[in-house]
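A structural walkthrough
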Amino acid sequence: MNKKELINNTKITILFNLTFSILEIIGGFLTNSISIISSAIHDFGDSITVCLENLFNKKSKQKPNNKYSFGYSRYKLIGKFFTSILLLITSGIIIYFAINRIKNPLNINYDGMIIFSIFGILLNAHIAYKLKNDKENNYNTMIDVYGWLIVLISSILIKLFKIFIIDPVVAIIMALYILYQTYKYLNEIFNAIMEKVPVALNIDKIQNDIITNNSNIKEIDNLNIWSIDNKNIYFTGHIILNENLDYKKIIELKNNIKKYLNEQNINHITLEFINKDEIKCKTK
């Protein structure tokens, strides 16, 4: 997918969520359904989230300079931080109104809920199909489809059994899902701030593989693997040699190590080679 298509898809997602959230608020008040109003709040939050992430992602693509030698990639994390705050506020509002509705149940226009949820499923499914080549926006829209499917099922159950408390319970389930999204964002931010070794990588295995596959290496000292943005992975290490190598052989060894690390999706590599004689000098 090219850049122009991605921008257009983002605009479609924002415009759709904003427009549909207004319709949901109207539908929520007409049917007296807190779950539909909760969905409206969620969709409105999605719109703001996409706007924020698009804004910060654009900034994150700026090239490194003398002031920011690592570049601006952590702006994505800043965007996710503000998104997390928004999601926390959103879920808090939903839970507050849902609990009040549980305490004071109200009659619900379940026929209106059924009609509105079918409309929501069809419309979101259509948008998801339009965005089928945009993995992220398509995924978010499909989540909305599943959300409306839950609303449809709950409205049918309310009609059959006249248990109106189902509606606020569904709203709380939606809020819990939003909190789950928030947890993922905050966990990602925390891991990047702490410069944690990416989950997909095993630092001991990487070290053993490098030593095993290169007989000239005695050990690797000061080995560090981290990411500043959970995307770009950095590697630094002192390669301690068990014999003296000339410049040509060191370059060949370095290329072998870099090739292996690139295969592990490590794309920023800094290596320092320490010859056998250098080790002796340091120990005297």
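What you are looking at is a predicted structure, and each value in this text was computed from that prediction instead of being measured.

Criteria and cut-off values
Residues numbered from 1 in each chain as written. Predicted model: local features only at pLDDT ≥ 70, side-chain atom pairs only at ≥ 80, totals over all residues. Heavy atoms only, no water. Helix = DSSP H or I, 4+ residues; strand = E, 2+ residues; numbered from the N terminus. Rg over C-alpha atoms; globule rule 2.2 N^0.38 Å. Buried < 20%, exposed > 50% of the residue type's maximum accessible area, 1.4 Å probe, protein only. Contact = heavy atoms within 4.5 Å. Lys, Arg positive; Asp, Glu negative; His and termini not counted. Charge placed at Lys NZ, Arg CZ, Asp CG, Glu CD. Patch = residues over 30% accessible without salt bridge, like charges linked within 9 Å, V, L, I, M, F, W, Y side chains within 5 Å. Areas by Shrake-Rupley, 256 points an atom, 1.4 Å probe, with all protein chains shown as cover. Salt bridge = Lys/Arg side-chain N within 4 Å of Asp/Glu carboxyl O. pLDDT = per-residue confidence, 0-100. Core = buried A, V, L, I, M, F, W, Y, C linked by side-chain atoms within 4.5 Å. Axes fitted to C-alpha atoms, helices over the stretch in contact; angles between N-to-C directions. Left-handed = near helix turned anticlockwise from the far one by under 90°. Nonpolar A, V, L, I, M, F, W, Y, C, P; charged D, E, K, R; others polar.

Observations regarding the overall build of the chain
- If you tally the helices and strands in the chain, you get nine helices and three strands.
- Secondary structure elements in the chain, listed N-terminal to C-terminal, are α-α-α-α-α-α-α-β-β-α-β-α.
- In terms of overall size, the chain is more extended than a compact globule, its C-alpha atoms giving a radius of gyration of 26 Å where 284 residues would be expected to give roughly 19 Å.
- Summarising its shape, the C-alpha atoms of the chain cover approximately 85 × 40 × 35 Å along the three principal directions.
- Classification of the 284 residues of the chain by burial places 41% in the buried group.
- A separation of at least 24 residues holds for 70% of the contacts in the chain among residues at least 6 apart in sequence.
- The chain carries 32 positive and 24 negative side-chain charges, and their two centres are separated by 4 Å.

Observations concerning the environment of Gly112
- With respect to the helices, strands and loops of the structure, Gly112 is situated in helix H4 (residues 110-130).
- With 82 residues separating them along the chain, Gly112 and Leu30 place their C-alpha atoms 7.8 Å apart.

Regarding a nonpolar patch on the surface
- Taken together, the side chains of Tyr146, Leu149, Ile153, Ile156, Leu157, Leu160, Phe161, Ile163, Ile165, Val169 and Ile173 define a hydrophobic patch exposed on the protein surface, amounting to about 980 Å² of accessible area.
- For the nonpolar patch, the secondary-structure elements that each account for two or more residues are helix H5 (135-161) and helix H6 (166-193).
- It is H5 that provides the largest number of residues to the nonpolar patch, a total of seven residues.
- In this structure, Ile153 sits in helix H5.

Things to note about the confidence of the model for the chain
- Confidence along the chain averages 88 in pLDDT terms, with 94% of residues attaining 70 or more.
- The least confident element of the chain, judged by mean pLDDT, is helix H9 (residues 276-283) at 58; the most confident is helix H7 (residues 203-213) at 96.

Thoughts on the nonpolar core
- If you look at the biggest cluster of nonpolar residues, it comprises 21 residues, and the most contacted ones within it are Ile206, Ile210, Phe235, Ile257 and Leu261.
- Among the elements that take part in this core, helix H8 (residues 247-263) stands out by supplying five residues, more than any other.
- Those residues in contact with Ile257 that sit more than four places away from it in its chain are Ile210, Asn214, Ile217, Ile239, Leu271 and Phe273.
- Counting 19 residues, the second-largest nonpolar core is a separate cluster that includes Phe20, Ile108, Ile121 and Val145.

Regarding the environment of Ile34
- Relative to the helices and strands, Ile34 is located in helix H2 (residues 34-60).
- In this structure, the C-alpha to C-alpha distance between Ile34 and Gly120, residues 86 residues apart in sequence, is 15 Å.
- Those residues in contact with Ile34 that lie beyond four places of it in its chain are Phe97, Ala98, Arg101, Asp167, Pro168 and Ala171.

Points about the packing of H7 against H8
- Following both chains from N to C, one finds H7 and H8 inclined at 145°, their axes separated by 11 Å at the closest point. The element H7 and its partner H8 pack so that their crossing is right-handed. For the pair formed by H7 and H8, the contact residues are Lys205, Ile206, Asp209 and Ile210 on the first element and Ile257, Tyr260 and Leu261 on the second.
- Of the residues belonging to the contact of H7 with H8, the class tally is five nonpolar, no polar and two charged.

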